[in-house]
Structures are given as structure tokens and as C-alpha cells.
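# Structural characterization, general
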Amino acid sequence: MAIGETVGFRNTRSRVGAATATAVLAACLAAGGPTVAHAVPTSCADGWGATTLAAGLGWIENLESDGKGGFFLTGADNGEIYHVNSERQVTTLLRGLDKPAGIRLIGDLLYFVTGDDPTRTVADGTLQRLDLRTGEVTVLVEGLFGPNGLLLLPDGDLLISRLDILGPPTGITRYRPATGAVTPSWSKVQRSNGLALSPDGMAFYTGDVTSTIIRIPLDAPDTSTVVSTVPNLIALPDDMQATADGSLFVADHLAGAVYRVDLATGESCSIVTGLTKPNPIRIPPDGPTSVRIAADGDGWALYVTAFDGTLRKLVPPANVDLTPIGVEAG
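This is a predicted model, so every value here is computed, not measured.

Our next topic: the packing of aromatic side chains. In total, this model carries 4 aromatic pairs according to the counting rule given. Taking the centre distance of 4.5 Å and the plane angle of 45 degrees together, the rings of Phe-71 and Tyr-303 count as tilted. You can see Phe-71 sitting in strand β3 (residues 71–75) and its partner Tyr-303 sitting in strand β23 (residues 299–306), a full 232 residues away along the chain. Of the two residues, Phe-71 and Tyr-303, both sit in the buried class.

Structure, rendered in C-alpha cells:
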């Protein structure tokens, strides 16, 4: 069946901050947006099913599987980190954070960034770590402009994307948990948002505020090639994840959609639309923020967060293989 829903919104966003961010994004789109994006994306929603796992959690910015049927979520508006277990019970792990965003789990250590605000002109963002065994929180990196996405690389390093729209062009930061080494502008690619590893493990993908998805080789991080343009005239690709067979699933924060991109051809289509704050009032960006592939029984599902405060599970039709990178297809 086609998926399309309009959902509730628990918290009221700051109209001034949202309007400022939207104006900045619109200006960037107008200045550098690709001309090949389509106003109406092709739909490939047939056969997908949707289930709500948690709701009413504010502006959920990012998620990470706990490997046990549950998820860690970051609440950008209320400064909280949640855990939703396999029984859909919600627990708050941390409070009082400054706009937490990207989050990744390495063993029992939960890494996350704070200070996710593209309109800031001060470097007050951080990379932090929560030890799930002891509850200890450690600040690892300070002085980041607008940190947003977080990606774990095959060698154990972490990449931090930065929506440095009003701040200086700082690029992508690389952090090595094993030694604590920080490379502040490891990649000079600017205004990066979501991050995803390529199927071959040799590159990563990111989106920017010009509706473009690009591929960046790990051995040449200052170079990039365009993979696809998001199939909406005005869009903001957010977090994303690739499958082993060469599909990339992308959250669109402005249009309220999730797209499937064929990495071989660049063609894309929407698997879900309408995930925005209900009309008549919209203050975008207010749509999906992140996608993750995680186990669903004997198969795989796509889990989606959005600024409507909802965690959803999207179950694919039989002809869509969601096997993630590093796992052999069953």
C-alpha cells in the first residue's frame, strides 16, 4: 500500500529560529540548487507498511539501533537522549543537553554531538560519549560549528558533518576514538548534513542544502561526485543509509518524505510522503530527520525519525532487499 500520513506535533517550535533557518536554507537553495530536481517525485510506496513505535517525543533528530530491538534517539528541542526498548518503553538517559543530533553506538559507548544549529556563528558544538555501563558522560571534542551527522567508519573512526551555514566553512571533522586524535577539517566539503557509508566501504555519502547527494572517497576526502538530486524542487536531504545491494534511503526534512535512490543510476523515488506537521500551519524544516536499517524478526525494516516526535517502522515489500552493508543477504 502507499504510505502517506499527516501526524501530530507535541512541541511548538521557536517561530523565530525556525523562520531564520528556513530563510537561510531557501537562500542557499536559490543560489546553488540543481536545476534537474523534479517538483513531484515518482512514488514507489506500493507494498510498504508503516507502524508507529513511539510518539510525542518532540523534535527527534537522529537514531541508532541498540542491537537488541530497541533504539537510541536524540531530542534536539528538549536536550534529551532517549532509549526505546523492544517493548516500546521509552526511557530518558540524559537531560539538559544543547541540541543533540547525530548518535552512534560502539560497544557500550554511545557517541553523540551537541550544538546542532545551522544559524549559530559561535563554535559551541561538541562530540560527547555516554558510557552505558556506568552512566559517565565525557566531552571528547569542543569548538564545533553546527555539528549534525555522525558516521562510524570501517576502521573505527567517526565523521562529524557540520551545517556551517552562517559560521566559517569548517568542513567535516574526523575523530579517532582509539587515540582521541581530531582532524578538524579532514574533508573540506561544506554544509554537509546526513552521512552514510557506501556499499563497498571505500567512500561515504552526504547531502547538503542544495538538494544534492554526493559521494566522497575516504582516500580523497576533498573531492566529490554528484550521485543524485533529491526529487523535489525544494528539499533538504538529511540522514541516510545505504544497503548492500546499492540503494540509498534518504530522509527529506523539508518535503516530509523518505526517498530510495539507486546508486548505480541516480534515479530516485519516494517510499513515504506527508510526514510533516499538520496543516494549516507549517514551519519547515519539520519532516523526517533520519533513517536506519535494523532487524525486524527474521528480516530488515527501515526505521524513521522526524520532527513530529515519532519513531516509525517501515516494512518493505518482498521485492525490496534492505540487507545492510556488511551482512550477507539471506
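For the rest of this paragraph, the subject is a negative patch on the surface. Taken together, the side chains of Asp-245, Asp-262, Glu-267 and Asp-321 define an acidic patch exposed on the protein surface. Considering the arrangement of structural elements, one finds Glu-267 in the loop between β20 (257–262) and β21 (268–272).

Take the sheet that holds β20 next. The 4 strands are arranged β18-β19-β20-β21 in an open sheet whose pairing can be described as antiparallel. Each having just a single partner strand, β18 (237–242) and β21 make up the two edges of the open sheet. With strand direction ignored, the average angle separating the axes of adjacent strands in the sheet is 30 degrees. Relative to β20, strand β19 (residues 247–252) runs antiparallel, the two sharing 6 bridges. Note that in β20 the partner of Phe-249 across the bridge is Arg-260.

So, about the state of the cysteines. For the structure shown, the criterion picks out 1 disulfide. Shown here is the disulfide that connects Cys-44 with Cys-269, its sulfur atoms set 2.0 Å apart. Handedness of the Cys-44-Cys-269 disulfide follows from its S-S torsion of about 80 degrees: it is right-handed. Taken together, the residues Cys-44 in the loop between α1 (15–32) and β1 (49–54) and Cys-269 in strand β21 connect sequence positions 225 residues apart. Given a relative accessible area of 23%, Cys-44 falls into the partly exposed group. Among the residues examined, Cys-269 registers a relative accessible area of 14% and is labelled buried.

Strands pair in a sheet through their backbones, by hydrogen bonds, and they do so in one of two ways: parallel or antiparallel. Overall, antiparallel pairing links the 4 strands, which are arranged β2-β3-β4-β5 in an open sheet. One side of each edge strand has no neighbouring strand; the edge strands of this open sheet are β2 (60–65) and β5 (90–94). In this sheet, neighbouring strand axes are inclined to one another by 25 degrees on average, regardless of whether the strands run parallel or antiparallel. Inspection of the sheet shows β2 paired to β3 by 5 bridges, in the antiparallel sense. Considered in β3, the bridge of Ile-60 is made with Gly-75.

Turning to its location among the elements, Arg-260 is positioned in strand β20. Apart from residues lying up to four places away in sequence, Arg-260 is in contact with Ser-247, Leu-248, Phe-249, Glu-267, Ser-268, Cys-269, Ile-271 and Val-320.

Turning our attention to the pairing of strand β4 (residues 80–84). The element β4 is extensively covered by neighbouring structure, given that 5 of its 5 residues are classed as buried. Burial along β4 is two-sided: the face carrying Glu-80, Tyr-82 and Val-84 and the face carrying Ile-81 and His-83 are both buried. With 5 bridges connecting them, β3 and β4 associate as antiparallel partners. In the strand pairing of β4, Phe-72 is matched with His-83. Bridge analysis of β4 against β5 gives 4 bridges, and the strand direction is antiparallel. When the bridges of β5 are listed, His-83 appears paired with Thr-91.

Cut-offs used in this document
Residues numbered from 1 in each chain as written. Predicted model: local features only at pLDDT ≥ 70, side-chain atom pairs only at ≥ 80, totals over all residues. Heavy atoms only, no water. Phe/Tyr/Trp six-rings, centres within 6.5 Å; stacked < 30°, edge-to-face > 60°. Helix = DSSP H or I, 4+ residues; strand = E, 2+ residues; numbered from the N terminus. Buried < 20%, exposed > 50% of the residue type's maximum accessible area, 1.4 Å probe, protein only. Patch = residues over 30% accessible without salt bridge, like charges linked within 9 Å, V, L, I, M, F, W, Y side chains within 5 Å. Areas by Shrake-Rupley, 256 points an atom, 1.4 Å probe, with all protein chains shown as cover. Salt bridge = Lys/Arg side-chain N within 4 Å of Asp/Glu carboxyl O. Lys, Arg positive; Asp, Glu negative; His and termini not counted. Charge placed at Lys NZ, Arg CZ, Asp CG, Glu CD. Pairing = 2+ DSSP bridges. Axes fitted to C-alpha atoms, helices over the stretch in contact; angles between N-to-C directions. Disulfide = S-S within 2.5 Å. Contact = heavy atoms within 4.5 Å.

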